[in-house]
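# Notes for the structure review
Spelled out from the first residue to the last, the chains are:
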Amino acid sequence: MLFLMFYLFNLSGNLCIVLLITIDPSLYKPMYFFLGNLSFLDIFYSTTTVPKMLSGLLIGDKKISIVGCVAQLHFFHFLGSTEALLLTSMSYDRYVAICNPLRYHVLMGKTSCVQLASGCWLIGFLYSLLQTILTFRLPYCNRKQVTHFYCDIKPVIKLACANIKHIKLLVSGIFGLVAVSTFSMIIMSYMYIGSHLLNIRSRQDRWKAFSTCTSHITIVFLYIGTALCMYLGPTTQNSLEQDRMSAILVTVITPAVNPLIYTLRNKEVKKSLQRLL
């Protein structure tokens, strides 16, 4: 019932943000364009795993078909990697807004935002497609019990009848390349932002500029930090148990908390919500 509550809060909160950004002209800005993409993505990201998990917990339906397992793994990594890339685009948006404010509307025009968002979705799809193909090309034995509440790469390849040492290294390497590169670009953006803020003499102006980044920083450490711990660690029984706990944070709690973080810390979103109500 607790997970169901989080899931319903995720659906209602993120749908509300998508609705606000769609109908309120005051939110027709690059930052909110990416936030709308993020909220839209969070709805489907949770829906990939949570309803099936709830059916297992509430009515005991723990079976999933092979096709369902392939689809679940693919969409989980497609939407998850796209979210990491969108968070990277949002950090670039904050960098331009704070460090190059006079060129902001040129660098972050409508065409640039659409191209950035489309690139995130396309790269996420191709990355997930590659991971799915590598995972399901392996030969599988009669062992059919996935030690997880959804089909993920590490517990699925553990069921293979072949030597999985090299495929594990390859899968981890591809994930590491995407995760570490996105995280590094976000850190680099904030290093430039930090050095720029140090040159601002007024403490009030400095805090005002930095406050536009706090919601994004919180989501980055909640999401990408947890994902790095899940997929770059060793595959042991203890690590799989930790992965399940981390997966609950990433798929159930973080998508439900995202709308709360952005609405509580963002005056424009709160004003738009008040006007809507």
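Residues numbered from 1 in each chain as written. Predicted model: local features only at pLDDT ≥ 70, side-chain atom pairs only at ≥ 80, totals over all residues. Heavy atoms only, no water.

Going by what an unreviewed UniProt entry lists, the protein chain is known as Olfactory receptor and is assigned to Eleutherodactylus coqui. You can read under Sequence similarities (unreviewed entry) in the UniProt record for the protein chain the words "Belongs to the G-protein coupled receptor 1 family." According to its UniProt record, the protein chain has this under Subcellular location (unreviewed entry): "Cell membrane". (UniProt positions renumbered as here; feature names shortened; annotations may be inferred.)

## Comments concerning the overall build of the protein chain
The helix and strand tally for the protein chain stands at 11 helices and 0 strands. Each helix and strand of the protein chain, placed in order from N terminus to C terminus, yields the pattern α-α-α-α-α-α-α-α-α-α-α. Its C-alpha atoms give the protein chain a radius of gyration of 20 Å, within 12% of the compact-globule value 19 Å for 277 residues. Overall size of the protein chain, expressed as C-alpha extent along the three principal axes, is 65 × 40 × 35 Å. Counting only residues that meet the buried cut, the protein chain has 47% of its 277 residues in that class. Taking the contacts inside the protein chain whose residues are at least 6 apart along the sequence as the reference set, 76% of them involve residues at least 24 apart. (Helix = DSSP H or I, 4+ residues; strand = E, 2+ residues; numbered from the N terminus. Rg over C-alpha atoms; globule rule 2.2 N^0.38 Å. Buried < 20%, exposed > 50% of the residue type's maximum accessible area, 1.4 Å probe, protein only. Contact = heavy atoms within 4.5 Å.)

## Things to note about the packing of aromatic side chains
Following the criterion strictly, the structure yields 12 aromatic pairs and no others. Each ring, one from Phe-75 and one from Phe-78, has its centre 6.3 Å from the other, and the planes form 55°; the classification is tilted. Of this pair, Phe-75 and Phe-78 both sit in helix α3 (residues 66–99), 3 residues apart, which is roughly one turn of that helix. (Phe/Tyr/Trp six-rings, centres within 6.5 Å; stacked < 30°, edge-to-face > 60°.)

## A closer look at a nonpolar patch on the surface
Taken together, Leu-122, Phe-125, Leu-126, Leu-129 and Ile-133 make up a surface patch of nonpolar side chains, about 440 Å² in accessible area. Tracing the backbone shows Leu-126 in helix α5 (residues 110–136). (Patch = residues over 30% accessible without salt bridge, like charges linked within 9 Å, V, L, I, M, F, W, Y side chains within 5 Å. Areas by Shrake-Rupley, 256 points an atom, 1.4 Å probe, with all protein chains shown as cover. Salt bridge = Lys/Arg side-chain N within 4 Å of Asp/Glu carboxyl O.)

## Brief notes about the state of the cysteines
All told, the structure shown has 1 disulfide when counted by the stated rule. Covalently, Cys-69 is tied to Cys-151 through a disulfide, its sulfur atoms 2.1 Å apart. Every disulfide takes its handedness from the sign of the S-S torsion; for Cys-69 and Cys-151 that torsion is -115°, giving left-handed. Of this pair, Cys-69 sits in helix α3 while Cys-151 sits in the loop between α5 and α6 (153–157); the two residues are 82 residues apart in sequence, bridging distant segments of the chain. Exposure class is identical for Cys-69 and Cys-151. Each is buried. For Cys-99, which is in no disulfide, the shortest distance to another cysteine sulfur is to Cys-213 and amounts to 8.9 Å. Taking relative accessible area as the criterion, Cys-99 reaches 17% and is therefore assigned buried. This cysteine, Cys-113, is not joined by any disulfide, and Cys-120 carries the nearest cysteine sulfur, 11 Å off. Looking at Cys-113, the relative accessible area reads 5%, which means it is buried. (Disulfide = S-S within 2.5 Å.)

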